[in-house]
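Here is what each chain is made of, one letter per residue.
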Amino acid sequence: MTALDMLVPATCSGCGRAGTDCCAACLDEFGPPTRLQVPGVGPPVWTLAAYHGPARELVLSFKERGARALAAWFGALVAAALVAVGPPPWTLVPAPSRRSAARDRGGDHMLRIAREVGIAAVAPVLRLAPGVADSVGLTAVARQRNLEGRVEVCGPAPPGTTVLGTTVLLDDVVTTGATASACVRALRQAGVRTNAVLVLTSARPHRPGQ
């Protein structure tokens, strides 16, 4: 325990309980990967939790409120999930953030999680072109138009993505599937096959699997 920990004790970002950045009860909100039906994406889409309650608070705390210690927790969840998503070797391609958002957050939040996974190669090859708006509040059609032609692949194909193994697009939340679809399309145009999409949470209005 550091002196800062003694002065400002850790509290769970999901429920506010003292003593840890993420308590066991909130961590239990995330389960084994659940398959989602997301039209238009292509590869299977898997989620670890629904985007509400403590799971939503943890994602928002990490993404928008500076709770960077949660990267290790999320990384462990992703590592455990990869076995169900596909065979090794695994390559994680983090979904990109808008550049202004990444600056405000002190870096790309999904890249930070991917680097905590440990058992997978990380290929941060996707970026968003200038002009992409914040998707919050946009309709499904508007989200699609917002990203159309604006997800770019920068750099060579990720190592291992053209041979045996599982290439996984990693994101924090799926709503309409517009981001996943645009990322998968950009990778495919660069000669990379995405075998699965793995998201921490799903904000889709229907039950998983339907």
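Reading the values: the criteria
- Residues numbered from 1 in each chain as written.
- Predicted model: local features only at pLDDT ≥ 70, side-chain atom pairs only at ≥ 80, totals over all residues.
- Heavy atoms only, no water.
- Helix = DSSP H or I, 4+ residues; strand = E, 2+ residues; numbered from the N terminus.
- Buried < 20%, exposed > 50% of the residue type's maximum accessible area, 1.4 Å probe, protein only.
- Contact = heavy atoms within 4.5 Å.
- Areas by Shrake-Rupley, 256 points an atom, 1.4 Å probe, with all protein chains shown as cover.
- Phe/Tyr/Trp six-rings, centres within 6.5 Å; stacked < 30°, edge-to-face > 60°.
- Core = buried A, V, L, I, M, F, W, Y, C linked by side-chain atoms within 4.5 Å.
- Pairing = 2+ DSSP bridges.
- Axes fitted to C-alpha atoms, helices over the stretch in contact; angles between N-to-C directions.

A. Representation of the overall build of the protein chain within the structure. A count of helical and extended segments in the protein chain gives 8 helices and 8 strands. The buried share of the protein chain, reckoned over its 210 residues, is 44%. Long-range contacts, defined as pairs at least 24 residues apart, comprise 72% of the intrachain contacts of the protein chain with a sequence gap of at least 6. With the model as given, the accessible surface of the protein chain reaches about 10500 Å², and the carbon-plus-sulfur share is 54%.

B. Broad picture of the packing of aromatic side chains. What the rule picks out here adds up to 2 aromatic pairs. Arranged with centres 5.9 Å apart and planes meeting at 75°, the rings of Phe30 and Phe74 form a pair that is edge-to-face. A residue pair is termed long-range when its members are at least 10 positions apart, and Phe30 in the loop between helix H2 (24-27) and strand E1 (34-36) and Phe74 in helix H4 (residues 70-85) qualify at 44 residues. A ring pair is formed by Phe62 and Phe74, whose centres lie 5.7 Å apart and whose planes are at 70°; its orientation type is edge-to-face. A residue pair is termed long-range when its members are at least 10 positions apart, and Phe62 in helix H3 (residues 53-64) and Phe74 in helix H4 qualify at 12 residues. Both residues of the pair, Phe62 and Phe74, count as buried. In this structure an aromatic cluster arises from ring pairing among Phe30, Phe62 and Phe74.

C. Inspection of the environment of Arg127 at higher detail. Structurally, Arg127 is set in strand E5 (residues 126-128). Counting along the chain gives 24 residues from Arg127 to Val151, while the straight-line C-alpha distance between them is 5.9 Å. Those residues in contact with Arg127, other than ones at most four positions away along the chain, are Pro96, Arg99, Arg150, Val151, Glu152 and Cys154.

D. Summary view of the nonpolar core. Of all hydrophobic cores here, the largest spans 34 residues; its most connected members are Phe74, Val78, Leu82, Leu92 and Leu198. The greatest single-element share of this core, amounting to 9 residues, is contributed by H4. With sequence-adjacent residues up to four places away left out, Phe74 is seen in contact with Phe30, Leu58, Val59, Phe62, Ile113 and Leu200. In terms of nonpolar packing, the next biggest core, distinct from the first, is built from 25 residues, Leu169, Ala180, Val184 and Val199 among them.

E. How the structure looks around the sheet that holds strand E2 (residues 45-47). Taken together, the 6 strands give an open sheet; going across it, the order is E1-E2-E8-E7-E3-E4, and neighbouring strands pair in mixed fashion. Bordering the open sheet on either side are E1 and strand E4 (121-122), each of which pairs with just one other strand. In this structure, strand E7 (residues 166-174) lies alongside strand E8 (residues 196-202), joined through 6 bridges in parallel fashion. When the bridges of E8 are listed, Val173 appears paired with Thr201. Relative to the sheet, helix H6 (residues 109-117) contacts strand E3 (90-94), E4, E7 and E8, its axis offset from that of E7 by approximately 130°. On the sheet, helix H8 (residues 178-189) packs against E3, E7 and E8 and is oriented at approximately 155° with respect to E7.

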